[in-house]
Amino acid sequence: MDHDSATSSGGPTPGTIPLDSAEFSRDPYPLLATLRDCGPVQRVRTVNGRTTWVITGWAEARAALADARLSKDTARFFAGRPSHRNLAPAVSRTLLATDPPDHGRLRKLAMKAFTPAAVARLEPRIREIAARLADALATRGSADLIEEFAVPLPIAVICELLGVPEGDRAAVRRWSNTLFAAGDPDAVVDRASHAISDYMTGLIAARRDEPGDDVLSDLIAARDDEDRLTEPELVSLAVLLVVAGHETTANLIGNGMLALLRDDTLRSRLRADPGLLPAAIEEFLRYDAPMTIATFRYATEPVDLGGVRIETGDVVQVSPGAANRDPARFAEPDAVRLDRSTGHLSFGHGPHHCLGAPLARMEARIAFEVLLTRCPDIRLTDGTGAGATGGTSDGASDAVEWRRARLMRGLARLPVTVRRP
Ligand code: HEM
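Residues numbered from 1 in each chain as written. Predicted model: local features only at pLDDT ≥ 70, side-chain atom pairs only at ≥ 80, totals over all residues.

Under an unreviewed UniProt entry, the name given to the protein chain is Cytochrome P450, and the organism recorded is Streptomyces halobius.

### Thoughts on the pairing of strand S13 (residues 415–419)
Using the following cut-off: Any two strands with at least two DSSP-identified bridges between them are counted as paired. Comment: elements are numbered from the N terminus, with helices defined as DSSP H or I runs of at least four residues and strands as E runs of at least two.
Two strands pair when backbone bridges link them, and strand S4 (residues 142–144) and S13 are joined in this way by 3 bridges, in the antiparallel orientation. Bridge pairing in S13 links Ala143 to Val416. The pairing of strand S9 (residues 377–380) with S13 spans 4 bridges and is antiparallel. Across the sheet, residue Arg379 finds its bridge partner in S13, namely Thr417.

### Comments concerning the site of the ligand
Rules: By convention here, the C-beta atom is placed from the backbone, and a residue is near a molecule or strand when that atom is within 6 Å of it. Residue polarity follows a fixed list, in which Ala, Val, Leu, Ile, Met, Phe, Trp, Tyr, Cys and Pro are nonpolar, Asp, Glu, Lys and Arg are charged, and the others, Gly among them, are polar.
The environment of the ligand is made up of 25 residues, and the closest members are Gly245, Thr248, Gly348, Cys354 and Gly356. Secondary structure elements with two or more residues in the shell around the ligand: helix H14 (231–244), helix H15 (247–261) and helix H19 (357–374). In terms of residue class, the shell around the ligand is made up of 16 nonpolar, 8 polar and 1 charged.

### What about the packing of helix H12 (residues 186–209) against H14?
To keep it simple, the criterion reads: To define axes, lines are fitted to C-alpha atoms, for helices over the stretch in contact only, and angles between the resulting N-to-C directions are given on a 0 to 180 degree scale. Roughly parallel means an angle under 35 degrees; roughly antiparallel means over 145; roughly perpendicular covers 65 to 115; every other angle is labelled oblique. By definition, any crossing whose near helix is turned counterclockwise from its far helix by less than a right angle is left-handed, and any crossing with a clockwise turn is right-handed. Here contacts are defined at the residue level, using C-beta atoms placed from the backbone and a cut-off of 7 Å between them.
With their axes 9 Å apart at the nearest point, H12 and H14 run at an angle of 115° to one another. Of the possible angle classes, the one that applies to H12 and H14 is roughly perpendicular. For the crossing formed where H12 meets H14, the hand is right-handed. Within the contact between the two elements, H12 uses Ile196, Ser197, Met200, Thr201 and Ile204 and H14 uses Leu234, Val235, Ala238 and Val239.

### Topic: unusual backbone geometry
Going from Pro100 to Pro101, the amide bond is cis rather than trans, its omega being 0°. Within the chain, Glu332 stands out as a residue other than glycine whose phi angle is a positive 45°. As for its position among the elements, Glu332 is in the loop between helix H18 (320–323) and H19.

Below, the structure written as structure tokens:
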């Protein structure tokens, strides 16, 4: 959230790939492919004139994600450097920004709340929320699938899981969106980080007084009984879960639905055989990764990778989206095919592999199943005019708009028409 995005002006050569352009947000894959053609690990200049290594090859990305010499500890990396940022520690120092041995301890505790049994228990409730949202779409006839389905579903799920009361969810969503937004000034992002951190501190205090049947209460018990999670660690874990748990999942549902809405044959196949949904979801994850652009690492030692030497202190940006379309790993990488054995890096790889992957997969399976059965005649609404501010309209359909790409790749608007069955 506090990193540079790689950029420059000029033609597509390493170091001058305009990774912050509107064109890149609309379709990053041609540029990522050009970059990969120049080599799987390339040095690229950032908007601030610094340089970063961008990893676009699948084998190199997978190796980097599991390499202990490439650290996630941002605080250590930035220590002693002048900074104008004032992010709340609960946002900047999460499990995701921790190296061993702390990382393993925190992750083990967090995993307690995400056992397969705990995730499976959520299924009926997720189905209920998805059905309510899908029925509302069918009643209205036309809608923005992002605003009215893909975003509210994961927000409701993660908030219920953590025990965030209904009345507070709009604020939590706002703060969380600001933390991920590409265009907000630093001060606004800093303020949102403190607001969400203060909110979670208060919620934890309330749950401690009055425990509920939720993950937060379970984590408080893990902290209080065994004293293995400090209070700041508890707050930062709660913040991470709420932030990591919704925009990514919303992007999976949105990006996947777009691929599905553009392919009538695939839609009919999935409707006829919902058993194909898990394979389709893996392919949607590969084809258009929710976190396409980057996840960051910092070299604590020199690392030889993809024919280059990454020096101590260098910033490394692994691009799951580029790795997922590496022709050396995936045949016909730009096509949606259900017959692949997976191996995508959309949930990362190695020690930081996504903790919420089983939950995200289940949410997506239910979302697609419910949409295909309750809104069988759902279609893209094409050419309805200009889109919302800050977005980027899509060449294939005027009405489809992408958010500005930074770390994530997700739609700002996906207008659909739904006829009642
Ligand atoms: C880590 C993607 C959903 C919680 C990660 C990482 C990726 C990722 C790529 C690793 C980042 C890195 O190595 O630098 C996604 C995607 C999702 C999704 C694509 C949805 C489709 C969720 C959900 C939750 C969640 C629903 C929680 C409820 C986490 C946590 C970590 C993580 C806690 C940090 C794990 C660690 O550092 O050990 N996610 N995520 N994610 N994700 Fe997810």
